Amino acid sequence: MTLPDPTDGLPDPSETPRREFLKAAVALGGAAGLSACLEAPRAGSGADGGAEADGTDGGASDLADVPTGDPAALPDRQHAWNDALPTDEDGNVRPPRHHVLRYAGLAVDPTDDKEREAARETLREALSALERAFAWSNEGLLFTVGYASAYFDRFDASLPASVDLPAPTALTDMEDPAFDEAPLLAHLASDAPAALLSADEALFGEATTVRSGERAESVPDLSGVLDPVDRRTGFVGAGLPREHRGVSGLPEDAPIPEGAPLMMGFRNGFRASQATEDRVTIAEGPFSGATTQHVAALRLQLNAWWRQESHAQRVAKLFSPVHAAEERVGDWGEKLGADPAVADLPEDAVAYARESGVVGHAQKAARAREDGAPLLLRRDFDTTDGDHAGVHFLTNQRRIEEFVRVRAAMTGADIADETAVGSRVNNGILQYVFVRRRGNYLLPPRRHRALPTPTPE
Ligand code: HEM
């Protein structure tokens, strides 16, 4: 076996835990990342004997172990992921561990009927080939294809009133983000780095075949359709954030619990705090079955979070001071079950912050619930893109305007205006999170996911 040259940008596989090596391969991507992944030492060899502290080996790296799929059995909603994902012991959906975001321009003019029809056929065939090759699950591949308002603006017709898709804007006084306006964004996710990278290579690289199990599927050449412009990567899951300690923004000695899926040291995505897939789905009009997606690139600066705050202060700022005082959370959220119970706190968050001097992030964000139900389905993941700690904060909601409202509740400018809580300091986690980029997308239902017009037939 030829092991990759460590100077490729990958760590030496013989000295690196297998899970960490696979994560580096996903970040590298391309044919080099894929072959590194396929050749990574299996259990019983390598720096750690292959096994990891959480009992996983980092997911199937051999494509022969990846289950195949059946496009005909798939739901019409591209964002129908929850039924395809495992749940933890408390019934919370467990997201895929590895993620790639691919931003692409178009090599065709989608407003030209002939060009669009030909490009659609190619794109449809490529996406179906992926669905045949990989099961629609965390063990295979989950993906969505979304379109920015800049894409729909090229057409004479407008989107129907049932779709709320404004161009991205700055959402707080504290940010000056760049805007992602590439017309197409694909989000690929899997526990199996090899499946993820081979799908990525087939859509955006040079691979012409995807393989899994016994099956080989040919994928048409998309270079005449898509023009990739940016690639971002990330990960979420127990054990993974610890492996990135030492990157800028995340100190080497950060005592992140092994069970924590996120760099800030807690779990998120509790069932009761997530919108359901139904709640985020556009119910009417030609895009019924669609959802909108907001993707923000956030930079984390966690030196003070890990070195100056106590565990109780971290709990107060992420959940609420009540959670800290009553020790509701445990080391990393394991005591919370499926409901962090942030909505049953005193309703007047301003009065509450006046008394305690601190307001919690989740407590603030929960103020935007409607009839007790959250509006956002958060599918965010951590990243070390640019060699800096960060989050790709990805959410689905029915209307982008709902994201804007929830984000205002999370910012809590009203609380800062009226209490001793600062605009950043003691105001949830705002002191640690910096918005770099924003983008808004429509994820059409599967039937319209290949280069839709604003008025699909
Ligand atoms: C570094 C970034 C972030 C981290 C580590 C983080 C972490 C968390 C955690 C641990 C919770 C507790 C409940 C749960 O997840 O189920 C939560 C809730 C929540 N967060 Fe964040 N969050 C981050 C950024 C954001 C941003 C940018 C928004 C934008 C709107 C946001 C909106 C929410 C909402 C809506 C809830 C649920 C509130 C409810 O229960 O209704 N979060 N977050």
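Described below are features of the structure shown in this document. Per chain, residues are indexed from 1 in the order of the written sequence. Selection of residues for local features in this predicted model requires a pLDDT of at least 70, selection of side-chain atom pairs for listing and counting requires 80 or more, and totals for whole chains, interfaces and linings are taken over all residues. No hydrogens and no water enter the side-chain calculation; it runs on all heavy atoms of the structure.

**Here we look at the coordination of the iron atom of the ligand**
Put simply, a metal with four donors set out as a tetrahedron has ideal angles of 109.5 degrees, and one with six donors set out as an octahedron has ideal angles of 90 or 180 degrees. Only N, O and S atoms count as donors, using a 2.8 Å cut-off from the metal and 3.2 Å for Na, K and Ca, and because water is excluded some sites may appear unfinished. A lone protein donor binds the iron atom of the ligand: His-361 (NE2), at 2.0 Å. Numbering of helices and strands runs from the N terminus; a helix is a DSSP stretch of H or I covering at least four residues, while a strand is a stretch of E covering at least two. Along the chain, His-361 falls in helix 10 (residues 361-365).

**What to know about empty space enclosed by the protein**
Here a cavity denotes a set of grid points, spaced 1 Å apart and computed over the protein atoms alone, in which a 1.4 Å probe fits but from which it cannot get out, and a pocket denotes an open set meeting protein on both sides within 12 Å along at least five of seven lines; residues with an atom within 4 Å of a point are reported as lining. Grid points are joined across faces, edges and corners, and a volume is the space filled by probe spheres set on the points. In total, this model carries three cavities of 30 Å³ or more according to the counting rule given. One number sums up the size of the largest cavity: a volume of about 750 Å³. Elements that contribute at least two residues to the lining of the largest cavity include exactly strand 8 (291-300), helix 10, strand 11 (390-397), helix 11 (400-411) and strand 12 (433-443). Top contributing element to the lining of the largest cavity by residue count: helix 11, with four residues. Of the pockets and cavities examined, the second largest cavity occupies roughly 70 Å³. Counting only elements with at least two residues in the lining of the second largest cavity, the list comes to helix 11 and strand 12. Here the element with the most residues in the lining of the second largest cavity is strand 12; it accounts for three residues.

**Considering the site of the ligand**
Throughout, the term near means that a residue has one or more heavy atoms lying within 4 Å of the molecule or strand in question. Near the ligand lie 25 residues; those nearest to it are Phe-270, Ser-273, His-361, Arg-369 and Arg-378. Ser-273 places a polar side-chain atom, nitrogen or oxygen, 2.6 Å from an oxygen atom of the ligand. Within the side chain of Arg-378, a nitrogen or oxygen atom sits 2.9 Å from an oxygen atom of the ligand. Taken atom by atom, the bulk of the ligand overlaps the largest cavity. Contributions of two or more residues to the shell around the ligand are made by helix 10, strand 11 and helix 11. In terms of residue class, the shell around the ligand is made up of 17 nonpolar, four polar and four charged. As used in this structure description, the phrase polar contact means that two N or O atoms lie within 3.5 Å; if the pair is within protein, one of them must be able to donate a hydrogen and the other to accept it, and residues adjacent in sequence are counted only when both atoms belong to side chains. Just a note on the criterion: a molecule sits in a pocket or cavity if more than half of its atoms are within 2 Å of the grid points. Gly counts as polar in this scheme, as do all residues outside two lists: the nonpolar Ala, Val, Leu, Ile, Met, Phe, Trp, Tyr, Cys and Pro, and the charged Asp, Glu, Lys and Arg.

**A word on the nonpolar core**
Leu-130, Phe-134 and Leu-451 are the most contacted members of the largest nonpolar core, which totals 63 residues. The set of elements that each furnish at least two residues to this core consists of helix 1 (18-28), helix 2 (30-39), strand 1 (98-106), helix 3 (113-133), strand 2 (142-148), helix 4 (149-152), strand 4 (184-190) and helix 5 (193-204). Should any heavy atoms of two residues lie within 4.5 Å, those residues are counted as being in contact. When residues no more than four places from it in sequence are discounted, the contact partners of Leu-130 are Leu-141, Phe-143, Ala-199, Ala-202, Leu-203 and Val-210. Remark: nonpolar core denotes a set of buried residues (Ala, Val, Leu, Ile, Met, Phe, Trp, Tyr, Cys) joined through side-chain atoms within 4.5 Å. Exposed residues in this analysis have more than 50% of their type's maximum accessible area, buried residues have under 20%, and partly exposed residues fall in between, with area computed by a 1.4 Å probe over protein chains only.

**Description of the packing of aromatic side chains**
Ring pairs are drawn from Phe, Tyr and Trp, using the six-membered ring of Trp, whenever the two centres fall within 6.5 Å, and their geometry is named by plane angle: stacked under 30 degrees, edge-to-face over 60, tilted for the rest. Overall, the coordinates contain nine aromatic pairs when judged by the stated rule. With a centroid separation of 5.8 Å and an interplanar angle of 75 degrees, the aromatic rings of Trp-136 and Phe-143 are classed as edge-to-face. Note on Trp-305 and Tyr-432: the rings are 5.2 Å apart at their centroids and 70 degrees apart in plane angle, and the pair reads as edge-to-face. Highlighted residues: Trp-305 in helix 6 (residues 303-307) and Tyr-432 in the loop between helix 12 (413-418) and strand 12, separated in sequence by 127 residues. Here Tyr-432 falls in the buried class, since its relative accessible area comes to 2%. Ring-over charges, as used throughout, are those where CZ of Arg or NZ of Lys falls within 6 Å of the ring centre and within 35 degrees of the ring normal. Arg-446 extends its terminal NZ or CZ atom over the ring of Trp-136, reaching a point 4.7 Å from the ring centre.

**Quick word on the environment of Phe-434**
Here Phe-434 shows up in strand 12. Among all residues touching Phe-434, those that are not within four sequence positions of it are Ala-297, Leu-298, Arg-299, Gln-301 and Arg-424.

**Looking at the layout of surface pockets**
A volume near 980 Å³ is recorded for the largest pocket. In terms of lining, the largest pocket is formed by 41 residues, of which the most central are Asp-88, Asn-92, Val-93, Arg-94 and Pro-95. Classifying every residue of the lining of the largest pocket by side-chain character gives 16 nonpolar, 13 polar and 12 charged. Approximately 290 Å³ is the volume found for the second largest pocket. Taken together, 16 residues line the second largest pocket, and the ones lying closest to its centre are Lys-23, Ala-24, Ala-27, His-244 and Thr-384.

**Comments concerning the pattern of salt bridges**
Think of a salt bridge as a Lys or Arg side-chain nitrogen and an Asp or Glu carboxyl oxygen that are within 4 Å of each other. Following the criterion strictly, the structure yields 31 salt bridges and no others. Asp-90 serves as the salt-bridge partner of Arg-267, at 3.1 Å between the closest nitrogen and oxygen. With Arg-267 in the loop between strand 7 (226-235) and strand 8 and Asp-90 in the loop between helix 2 and strand 1, this pair connects stretches of sequence that are 177 residues apart. A salt bridge links Arg-120 to Glu-117; its shortest N-O distance comes to 3.0 Å. One end of the pair, Arg-120, and the other, Glu-117, are both in helix 3, three residues apart, so they sit about a helical turn from each other. Using a relative accessible area of 5% as the deciding quantity, one classes Arg-120 as buried. Classification of Glu-117 by relative accessible area gives partly exposed; the value is 36%.

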